[in-house]
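Residue-level listing of the chains:
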Amino acid sequence: MMKLLAVTITLFISTVAFAQHYYVDAVTGNDRNNGLSPAKAWKTLAKVSRFQFKPGSVIAFKSGQCFMGILNISSSGQAGKPIVYTTYGGDEPAIIDGNGDSAAVFCGNQEYIELRKMAVTNFRKGNIGMNDLFNGIYVVNEDAGVLHHFHFDSIRVFNVNSTYIAKDDGKTDQSRYHGGVQFYARGNKTRSCFDDVLVTNSVFEHCSRTGFNFRSDWDDRAAYSRFGDSIGRGLTDNWTPNTGVVFRRNRFSNIAGNGLIVRVAVDALIELNLFDSCGKYISGNAVFNFNTDGTVYQYNEARNTIYNEGDTDARGIDADYRTKNTIIQYNYLHDNGLGGVTATGGPGVGENPINFNIGTIIRYNIIENNARQGAYFSGRLENLQVYNNLFFANETLDDIVAIKLNRWTVYPNGASFTNNTFCFKGKNIRYDFTRATNVKFDGNLYYGILPPVAFPDKNAKKTGPDNN
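On a predicted model such as this, the values are computed, not experimentally measured, just so you know. Numbering of residues starts from 1 in each chain and follows the order in which that chain's sequence is written. Reporting of local features is limited, given that this is a predicted model, to residues whose pLDDT is at least 70; pairs of side-chain atoms are given and counted only at 80 or more, and all residues count toward the totals for whole chains, interfaces and linings. To get the side-chain values, take all heavy atoms of the structure and skip hydrogens and water.

Undergrad: What's the story with the pairing of strand E2 (residues 58-62) in this structure? I'm lost.
TA: Two faces belong to every sheet, and in a regular strand the side chains alternate between them. Note on classification: 1.4 Å probe, protein chains only; a residue is buried when its accessible area is under 20% of the maximum for its type, exposed when over 50%, partly exposed between these limits. Starting at the N terminus, helices and strands are each numbered in turn, a helix being any DSSP run of H or I of at least four residues and a strand any DSSP run of E of at least two. Burial runs high along E2: 4 of the 5 residues are buried. When strand E1 (residues 21-24) meets E2, the two strands line up parallel, connected through 4 bridges. What sits directly across from Val24, in E2, is Phe61. Look down the strands so they point away from you; if the path from the first strand over the helix to the second goes clockwise, the crossover is right-handed. Between the parallel pair E1 and E2, the chain is carried across by helix H2 (residues 45-50), and the sense of this crossover is right-handed. Whether two strands pair depends on DSSP finding at least two bridges between them.

Undergrad: Would you take a moment to explain unusual backbone geometry for this structure?
TA: Of all residues except glycine, most have a negative phi; of all peptide bonds, most are trans. Following Ser208, the chain continues to Arg209 via a peptide bond in cis, the omega torsion being 0 degrees. Mapped onto the elements, Arg209 comes out in the loop between strand E15 (203-208) and strand E16 (210-216). In this structure, His149 is a non-glycine residue whose phi angle is positive, near 60 degrees. Examined against the element boundaries, His149 turns out to sit in strand E11 (residues 146-153).

Undergrad: Whenever I open this one, the nonpolar core confuses me. Can you help?
TA: Most often, soluble globular proteins have nonpolar side chains that are buried together. Take the buried Ala, Val, Leu, Ile, Met, Phe, Trp, Tyr and Cys residues and link them wherever side-chain atoms come within 4.5 Å; each set so joined is a nonpolar core. Core analysis: the biggest nonpolar cluster contains 89 residues, and Phe61, Tyr85, Phe212, Phe377 and Ile403 have the highest contact counts within it. Residue contacts are defined here by distance: any two heavy atoms, one from each residue, within 4.5 Å place the two residues in contact. When neighbours within four sequence positions are excluded, Tyr85 is seen to be in contact with Val48, Phe53, Ile59, Phe61, Leu71, Ile73, Ser74, Ile113, Glu114, Leu115, Arg116 and Met118.

Undergrad: How should the pattern of salt bridges be read in this particular structure?
TA: For side chains of opposite charge, pairing can occur when their charged atoms come near one another. Any Lys or Arg side-chain nitrogen located within 4 Å of an Asp or Glu carboxyl oxygen qualifies as a salt bridge. In the structure shown here, the tally under the stated rule is 12 salt bridges. Here Arg221 and Asp293 are joined by a salt bridge, their closest N and O atoms 3.0 Å apart. With Arg221 in the loop between E16 and strand E17 (230-232) and Asp293 in strand E24 (residues 287-293), the pair connects residues that are 72 residues apart, well separated along the chain. Taking the relative accessible area as the measure of exposure, Arg221 reaches 3% and is therefore buried. The class for Asp293 is buried, based on a relative accessible area of 18%. Here Asp313 makes a salt bridge to Arg315, at a shortest N to O gap of 3.4 Å. Given the relative accessible area of 2%, Arg315 is considered buried. If you follow the salt bridges from partner to partner, you end up with Arg156, Glu205 and Arg251 in one network.

Right under this line is the structure:
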């Protein structure tokens, strides 16, 4: 019995010992050290990148120091025992500097990873060409199934100068997929996605083209298809959404295009974030969701999205197409170059469309002093509800389209505007409904703009103005 107990204790100690706290010091460290104390710290990213860490390990970089090269996340943690990368020895975060390489931090098919109190940059010197596409942090899931637990807290991603103008691959501008941080579920063998992506208290600034982006090869579906269904055009529903995506109390500023793009996700939550000065060099709304169900935006501020001549996007929040049941509530959307909020269903395609926007709700927002437009809606957009919002613009802003319903191959259908306040103090304030159908205004308050008079429906008949 005593012998068995001794063996059990030995095994327990050995298991506990696997999780260690490692230190990295770019000045006094040495890769021949064991890394287990500040006095025996390692020196380089190369050492960290090739070491196999056990679940629960912590890798701490010396505060204020810059570590040049690529940090490769080489090992996975496990539930309750994530592998943590952080800073030690001071309040100033350690910096991982990719020096213009493909990424400063790369994580391929690993999971249960946390980055805390770290800074990441990837600035390429010289001229940036059309094919210069790279990231600050690049997380890849290649046919690995579901990868879990990616928590970023109090990180700063800055000065990533990937191109914001790239060749179009026939699907979308490739530059959208590069910039500060990218999560990419790729492959065609095993249904793959990310679960539990939590980003809190972090800063993304001076990034090109995008601050934070999701991409997936598992993204095909129609409005009401199920996995495996044919959806036309030779495509099969393979939609495999990310889950547990949360962005809370982050700042996105001075971004070349979009600050944040959430794609292929269910029930993503985006709250208490600040989006400031996005769309600096290329058309882009501050934040948008694409191909998602149940995305919620709340308590965010989106301001100063920049309108460059000819831009089609320069708004605060965008519920983009292939989406269902997006909720945009309690946000402050102001001083943006092309309106405060938008939703689109994209261009309609055939009897079984793969483009749609169904059931978007926009409520309880302050939409203030946005140039050119208040809100913009287009395409195959159905059952839009806009209620209890304040639309306001002061006397310095003229020529505003308060509500624009526009064609994108097809026209929006079934939009309702209820209990909103429209207050515009400038000149030439108007609506533009084109040929949208089944539009309803009811119980709104108007100042500086008259209630809409009538809307054409699909039978070219007229319906009445605001009912109350």
